[in-house]
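# Report on the structure
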Amino acid sequence: MIKAVIIDDEMHCITALQWLLKRQDVSVQVLATFTNPVEGKAYIEANELDLLFLDVHMPGLTGLELLEGIPDPDFDVIFTTAFDKYALAAFKLNALDYLLKPIEKDDIEAVLKKYQQKSENGVLSKKLAELFAHVSLQSGHKFRLRLPTSTGFELIDPTNIIRMEASGNYTNIVFTDRSALYTKSLGALEQLLPITDFFRTHHSHIVNLTMTQSYHKGKGGELTMCNGDIVPVARNKKDGLMDVL
């Protein structure tokens, strides 16, 4: 039994999707539906589900903005959208599932079959980060990282990050104007960063490639960042770094 939630600002779209889901061979239990994305977000944060059917374009809070506010989602997402060339290109690029409105029975069957056959785990956050970054470039949507602090969380513009350094289960982030320690591991943060701009040079270091000033040769070598900081490059990371530089 797949436990699902539907968030769409148009009630007739929710009704149509529920009708189609009831006629599938796959057993899907719709736990709740919402036309208000803010209420829907509160529900999925407080309840366990397997699959979220999420409209992309909604007033007040878009589907992408809703997901940005949920760190490390533990459910899968199928986006529902009317034709949007930027969104569809981004979904395809980042291997995320979508249903194009008006939704047809065969389309539902295909995405549910794909969902059942999935063997990947722990990659949704990475795919979503890449999706946000792609849509940001195409539509002006501003991608921000949500980073936990001792008192709550901060929403961070990743373009202001120079580098990151592991400190046990914490991460020290050096920005253009300050540095701060965050209660999230370097590995967890790596899953959220746009792959086009950031590179893990070492098991303890991630750099913003746009903030790199120079490279110095060595077994692996080292990078000088725009603020003068020196970052080591592991020998097994050198070739990959040279490719992206």
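For the structure itself, look to the data block above.
Structural notes, computed from the coordinates. (Residues numbered from 1 in each chain as written. Predicted model: local features only at pLDDT ≥ 70, side-chain atom pairs only at ≥ 80, totals over all residues. Heavy atoms only, no water.)

### A short note on the sheet that holds strand β14 (residues 222–225)
One open sheet holds the three strands; their spatial order is β13-β14-β15, and the pairing between them is antiparallel. Of all strands in the sheet, those with a lone pairing partner are β13 (212–216) and β15 (230–232), marking the two edges. Strand-to-strand twist across the sheet, computed as the mean angle between neighbouring axes with direction ignored, equals 25°. Bridge count for β13 against β14 is four bridges, and the pairing is antiparallel. Note on β14: the bridge partner recorded for T212 is M225. (Pairing = 2+ DSSP bridges. Helix = DSSP H or I, 4+ residues; strand = E, 2+ residues; numbered from the N terminus. Axes fitted to C-alpha atoms, helices over the stretch in contact; angles between N-to-C directions.)

### Some thoughts on the packing of aromatic side chains
Centre-to-centre distance and the angle between the planes together describe a pair of aromatic rings. By the definition in use, this model includes two aromatic pairs. Here F34 and Y43 contribute two aromatic rings whose centre-to-centre distance is 5.3 Å and whose plane-to-plane angle is 45°, an arrangement assigned as tilted. Of the residues examined, Y43 reaches a relative accessible area of 22% and is grouped as partly exposed. Residues F175 and Y182 carry aromatic rings whose centres are separated by 6.4 Å and whose planes lie at 75° to one another, so their mutual orientation is edge-to-face. (Phe/Tyr/Trp six-rings, centres within 6.5 Å; stacked < 30°, edge-to-face > 60°. Buried < 20%, exposed > 50% of the residue type's maximum accessible area, 1.4 Å probe, protein only.)

### Comments concerning the side chain of K101
With respect to the helices and strands, the residue K101 is situated in the loop between β5 (97–100) and α5 (105–117). One polar contact links K101 to D8, side chain to side chain, over a distance of 2.8 Å. Reaching out from K101, the side chain makes a polar contact with the side chain of D55 at a distance of 3.3 Å. Residue contacts for K101: discarding those within four places in its chain leaves D8, E10, C13, D55, T80, T81 and A82. (Polar contact = N/O pair within 3.5 Å; in protein donor to acceptor, adjacent residues only side chain to side chain. Contact = heavy atoms within 4.5 Å.)

### As for helix α2 (residues 37–46)
Turn by turn, an α-helix covers 3.6 residues, leaving residues three or four places apart pointing in a common direction. Taken together, the buried positions of α2 are occupied by P37, G40, K41 and I44. Each buried residue of α2 sits inside an arc of 100° when the element is viewed along its axis, so together they form one side. Turned more than 90 degrees from where α2 packs its buried face, V38 and A46 sit exposed. Lining the buried residues of α2 we find β1 (2–7), β2 (28–34), β3 (51–55), α3 (63–68) and β6 (145–148). (Arc of directions from axis to C-beta.)

### As for the packing of helix α1 (residues 11–22) against α5
Across the interface, α1 lies against α5 with an axial gap of 10 Å and an inter-helix angle of 65°. It follows that α1 is roughly perpendicular to α5 by the angle criterion. Here α1 runs over α5; the crossing is right-handed. Between α1 and α5, the contacting residues are L17, L20 and L21 on the first element and K105, I108 and L112 on the second. Residues of the contact of α1 with α5, tallied by class, amount to five nonpolar, no polar and one charged. (Parallel < 35°, antiparallel > 145°, perpendicular 65-115°, else oblique. Left-handed = near helix turned anticlockwise from the far one by under 90°. Nonpolar A, V, L, I, M, F, W, Y, C, P; charged D, E, K, R; others polar.)

### What to know about the sheet that holds β1
Backbone-to-backbone hydrogen bonds pair the strands of a sheet. The strands run either parallel or antiparallel. Taken together, the five strands give an open sheet; going across it, the order is β2-β1-β3-β4-β5, and neighbouring strands pair in parallel fashion. Every interior strand has two partners, whereas the edge strands, β2 and β5, have only one. Sheet twist, expressed as the mean angle between neighbouring strand axes with direction ignored, is 20°. Both strand β4 (residues 76–81) and β5 contribute to a ladder of four bridges, which runs parallel. Each bridged residue has a counterpart across the sheet, and for I78 the counterpart in β5 is D97. In the packing of α1 onto the sheet, contacts are made with β1, β2 and β3, and the angle to β2 comes to roughly 175°.

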